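What follows is each chain in one-letter form.
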Amino acid sequence: MFSSFMVNTWIAASMVAVIAGVVGFFVVLRGSAFAAHAIPHGSFGGAAGAVLLGVNTILGLGIFAVGGALGIGWLSRRGRHDVATALALVLMLGLGSLFLSFSVEYAGAVYSLLFGEVLGVPSDDLLPMAGLGIACILAIAVLYRPLLLTSITPEVAEARGVRPGRIETGFLLVVALASTMTVPVVGVLLMFSLMIGPAATARSFTSSPLPAIALSVAIALIIVWFGIAIAYVTNYPVGFFVGTLGALSYGSARVWAARRRSRRVGASPGDDGPRLQLTAPLLRAAPPGR
Amino acid sequence: MSQLLNALFATGFFASAPVRAAVVVGAVVAVVTGAVGVFTVIRSQAFAGHALGEVGSAGGSLAFLSGTNPLWGYMGVAVIAAGLMEVLGVHRPRARDVATGLVLGAGLGFAALFLYLDTTSTSTTGVTVTILFGSLFTISQPMLPTIVVLSAVALVVIASCYRMLLLSSLSPELAAVRGVPVRAVAIAYLVIMAVAVSLAAETIGTILATALLVGPPATALRLTKRPGGAMVLAGLIGVAAVWIGIVLAYDSFYWPPVDHGWPVSFFVVAMVFVFYLGSGAVASLVRARRDRRVGDPSAMGESGCEPHVDADAA
Amino acid sequence: MTEPRPAIGIDDAVLSLDGVSVWLAGREVLHDVRFRVMPGEFTGLIGPNGAGKTTIFRVILGLQPPGAGSVLVGGRPLDRHNPIIGYVPQKVFFDPDMPLRARDVVGLGLDGHRLGIPLRGGGRRQAVDRMLAAVDATHLADARVGNLSGGEQQRVLIAHALISSPRLLLLDEPLANLDIRAEGEVVALLARIAREQRIAVLISAHDVNPLLPVMDRLVYVAAGRTASGTTAEVIRAEVLSALYGQHVDVLRVHGRILVVSGAEGASGVTLEETPGGAAAPDVVALR
């Protein structure tokens, strides 16, 4: 599986994993899982359109992904965020079904677009992929602080002159950029799994943001390498392994964290302090003491 | 008059059996998803609804593989997924989204596997497209009664827990204080949503399932603050979108490229969108007129969350 | 509690609202609000829920343009970003799984609004440690912020607001979800900060009692109207009745204040407990 034939796949997959790990940290932090799913999924419509026009699929993916990100931002200003995301998604997919009906596309190509294909990375694609990837990382680095601030206290951010809406749209554009580069290996549907699983898992092991990002990248790399190796041997789709391994790793991390927490005896600060956020005003009359 | 009808409805529209089936099933599904979807929007669970539909497709492809009726595949897997989502992380919205995303990811992973096995074992291409996008015109006639019955059951359940569902959706703490079993209601709701969405996904495809679950209810909630009224309105809007979509799709056989026809999914989604944007325009017109009537309309509050639904007065 | 006020010009006020009115969705939610906060002063913004306290805060922060009137912050008109204001919002929800420590949150108060990644400069870490010490939260520095108790998170947010050296600290209902002991700790902390660092503190609450020992002045908000002054000047039946537009009684028992709607037809009454009288039951303030 390490033939020169497959080298491209390993390189491409590693790039995808790094991007997914970094961007995914913020996806999980901000609760943008739906958007992270919708943008790549909807961009499929753009690929169908690109095939219809005879243009490079990456172009179609990119245009629809960016359009999706902007569309979600625009619709969010007029309504609920998850409604906006759902509507943007179905519109993109509706257009996709239209384009698909006009083109004579092999069902197999559709399948690998959606679920990933181990063998399909031409060398020409590696450089643009790397370029997109670097652009993503740079964008995240630039937006790092406002992203964190708007994630925890959007009101304070607003008061300091940061516009949470703009930051959110900027972030969605980064997600769009990241999803554009995923097609060759992981497929549009499972890219988001790679963004969520590793990042969600990493949180169980560290409390600081930068180590969490590094761990998220590491887990994503492990999952992708594992997935490619098994997919190569069994011929099963890579997406299957990415999706299930992502869920498994999160599940095991949760179990491990729960067991570790129950083994700790006294309450030390930062561990098990009572959560008072949902306390009803009724509690005010109770005797003092925590 | 007949000229108008001929212009709108291409030849053979009313005579065609697939069209009649599509009209009936489409309407039934639109009513159910519209009613269920009102709560989906209120509870901000559009992601879960969409996820259940797509995870259902894993079940559908498994059913295809094993030769059983795809509807049970969709529904079974969707209900299991609903349970998993509930178990993994309910209480906090962000944890819920992560849980939904992971279940969806795993579900899609399995869908990938089953579709792969489908194409290799039965060597039928195009299964992927059918499962994901569906087609309103290829509904199997014998399934009609089953679909109607299941939809009715879902509606009856929603109607009977209406008050509990409403209260726990608007204010879980208040509901808990009043003795509503909030957790049980949440699980029950996810299951109902799973049933409704898988019904829709199996018949009209996952795209339309999501579109009808979210679009018409969101539209209705912009036009009325009463959830009961919104459920009815959402059903009506959904049916209108589906029927207009069917007509246009049928007519499009005569549009360029001739004899090909545009997919009905596209038209229905387009109609859903048109209605949603239209209601936004209507709502802001109404608001502007009201503000002009009542004194100085200084800048409104910050960017766009929709007003919270007021509980039904009756 | 009040000291004699020297004659100071309006420019010295950290915050000054004059004739501010706000309309939202066609309704006038604030009418002719006027008050001033001087440097180092501890001011309470008291009033029932829905009276307009949060709207006043949004006006001060520049998030809600007033339909009428003027707002001066540090002697200058409102701007989108006023660096002299530190803001602690009401309900901040920290996801327990979120990988951010208390020190990360405090650090974001310093430069979270700027682009880029925080550099490893030594000065930043020291500033964060100093702030955490100022709010007695040093032992929480490396704890996951989502796992802290309500009171501990409150302190982290205060440090987050303080680290940018504001001249005015704005806190929106900080006592709302705390038990009585945590409440007392936060009030004492804020009073100490106001006193030692000469930072004006404006804190909104629906119950005046926890703040009585430390408040210099208060602004009472009811039905979109305000009355400002010392506790003795403002918490009186006739003043509050005028604000509410209906009869209101003020009862003082054991140094605590109770505001209740008055009997039908009766004019408002201000009662004081007579010294040497029988022990009256401890009164817990009503919502």
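This is a predicted model, so every value here is computed, not measured. (Residues numbered from 1 in each chain as written. Chains lettered and ligands numbered in written order. Predicted model: local features only at pLDDT ≥ 70, side-chain atom pairs only at ≥ 80, totals over all residues.)

Colleague: Explain the overall build of chain A here, please?
Modeller: Within chain A, the regular secondary structure consists of 11 helices and 0 strands. In chain A, the order of α-helices and β-strands from amino to carboxyl end is α-α-α-α-α-α-α-α-α-α-α. Split into buried and exposed, the 290 residues of chain A put 60% on the buried side. Put simply, of all contacts in chain A between residues at least 6 apart along the chain, 75% involve residues at least 24 apart. (Helix = DSSP H or I, 4+ residues; strand = E, 2+ residues; numbered from the N terminus. Buried ≥ 20, exposed ≤ 12 C-beta atoms within 10 Å, placed from the backbone. Contact = placed C-beta atoms within 7 Å.)

Colleague: What am I meant to see in the sheet that holds strand 2 (residues 27–37) of chain C here?
Modeller: Within a sheet, neighbouring strands are paired by backbone hydrogen bonds and run either parallel or antiparallel to one another. All names here are of chain C. Taken together, the 4 strands give an open sheet; going across it, the order is 2-1-4-5, and neighbouring strands pair in antiparallel fashion. At either margin of the open sheet sits one strand with a lone partner, and together these are strand 2 and strand 5 (76–77). With 5 bridges connecting them, strand 1 (residues 15–24) and strand 4 (residues 68–73) associate as antiparallel partners. Across the sheet, Ser16 pairs through a bridge with Leu72, a residue of strand 4. (Pairing = 2+ DSSP bridges.)

Colleague: Looking at this structure, how should I read the sheet that holds strand 6 (residues 85–88) of chain C?
Modeller: All names here are of chain C. With mixed pairing, the 6 strands of this open sheet are ordered in space as 6-7-8-3-9-10. Every interior strand has two partners, whereas the edge strands, strand 6 and strand 10 (225–229), have only one. Across this sheet, the average inter-strand angle for adjacent strands is 15°, counted without regard to direction. Summarising the sheet, strand 6 and strand 7 (residues 168–171) pair through 4 bridges and their orientation is parallel. (Axes fitted to C-alpha atoms, helices over the stretch in contact; angles between N-to-C directions.)

Colleague: Even after reading the chapter, I still don't get the interface of chain B and chain A, so can you show me in this structure?
Modeller: You'll often see interface size given as the accessible area lost when the parts meet. Every contact between the two is made by 47 residues of chain B and, on the other side, 49 residues of chain A. Looking at the side of chain B that touches chain A, the elements with two or more residues in it are helix 3 (46–66), helix 5 (93–122), helix 6 (127–133), helix 11 (206–223) and helix 13 (264–293) of chain B. With 17 residues, the top contributor of residues to the side of chain B that touches chain A is helix 5 of chain B. Looking at the side of chain B that touches chain A, its residues break down into 28 nonpolar, 15 polar and 4 charged. (Nonpolar A, V, L, I, M, F, W, Y, C, P; charged D, E, K, R; others polar.)

Colleague: How should the nonpolar core be read in this particular structure?
Modeller: The nonpolar side chains of soluble globular proteins are, as a tendency, buried together. Residues A:Val23, A:Leu87, A:Val175, A:Leu194, A:Ile196, B:Ala78 and B:Val269 are the most contacted members of the largest nonpolar core, which totals 282 residues. Residue-level mapping places this core at the junction of two domains, with at least three residues from each of domain 1 (10–246) and domain 2 (247–287) of chain C. What A:Leu87 contacts, discounting residues up to four positions off in sequence, is A:Leu75, B:Val214, B:Gly215, B:Phe273 and B:Tyr276. (Core = buried A, V, L, I, M, F, W, Y, C linked by C-beta atoms within 7 Å. Domains from an automatic or database assignment.)

Colleague: Help me understand the packing of helix 4 (residues 150–162) of chain C against helix 5 (residues 180–197) of chain C, please; the structure alone is not making it clear to me.
Modeller: When two helices pack together, their arrangement is captured by the angle between the axes and the distance separating the axes. All names here are of chain C. Helix 5 packs onto helix 4 with a crossing angle of 15° between their chain directions and a minimal axis gap of 10 Å. Looking at the two axes, helix 4 sits roughly parallel to helix 5. Crossing handedness for the pair helix 4 and helix 5: right-handed. Taking contact as the criterion, the partners of Gly150, Gly151, Gln154 and Leu162 in helix 4 are, on helix 5, Ala182, Glu185, Val186 and Ile193. Its residues assigned to classes, the contact of helix 4 with helix 5 shows 4 nonpolar, 3 polar and 1 charged. (Parallel < 35°, antiparallel > 145°, perpendicular 65-115°, else oblique. Left-handed = near helix turned anticlockwise from the far one by under 90°.)

Colleague: I keep staring at the environment of C:Arg225 and nothing clicks. Help me out?
Modeller: All names here are of chain C. Of note, Arg225 is situated in strand 10. When the 18 C-beta atoms within 10 Å are taken as the criterion, Arg225 is described as partly exposed. Arg225 has contacts with His31, Asp32 and Leu243, leaving out every residue within four places of it along the chain.

Colleague: Looking at this structure, how should I read the pairing of strand 10 of chain C?
Modeller: In the case of a regular strand, side chains alternate between the two sheet surfaces. All names here are of chain C. The pairing of strand 9 (residues 217–222) with strand 10 spans 5 bridges and is classified as antiparallel. Opposite Val221, over in strand 10, you have Thr226 as the bridge partner. Linking two consecutive strands that pair antiparallel, namely strand 9 and strand 10, is a turn of 2 residues; a positive phi of about 55° is found at Ala223 within it.

Colleague: Would you mind going over unusual backbone geometry with me for this structure?
Modeller: A negative phi angle is the norm for most residues apart from glycine, just as the trans form is the norm for most peptide bonds. All names here are of chain C. The backbone phi angle of Ser165 is positive, close to 55°, even though this residue is not glycine. Here Ser165 lies in the loop between helix 4 and strand 7. Classification of Ser165 by C-beta neighbours within 10 Å gives exposed; the count is 12. Here Arg198, not a glycine, exhibits a phi torsion of approximately 55°, which is positive. Considering the arrangement of structural elements, one finds Arg198 in the loop between helix 5 and strand 8 (200–205).

Colleague: So what exactly am I meant to see when it comes to the packing of helix 2 (residues 17–42) of chain B against helix 12 (residues 227–251) of chain B here?
Modeller: All names here are of chain B. At a minimum axis distance of 7 Å, the contact between helix 2 and helix 12 shows a crossing angle of 145°. For the pair helix 2 and helix 12, the crossing hand works out as right-handed. Each residue belonging to the contact of helix 2 with helix 12 can be placed in one class, and the counts come to 19 nonpolar, 6 polar and no charged.

Colleague: Hey, could you run me through helix 3 (residues 57–76) of chain A in this one?
Modeller: An α-helix turns once every 3.6 residues. As a result, residues three or four positions apart point the same way. In this model helix 3 of chain A runs 28 Å from its N-terminal to its C-terminal C-alpha over 20 residues, within 8% of the 28 Å that 1.5 Å per residue would give. The element helix 3 of chain A is largely enclosed, with a buried count of 14 among its 20 residues. (Expected span 1.5 Å × (residues − 1).)

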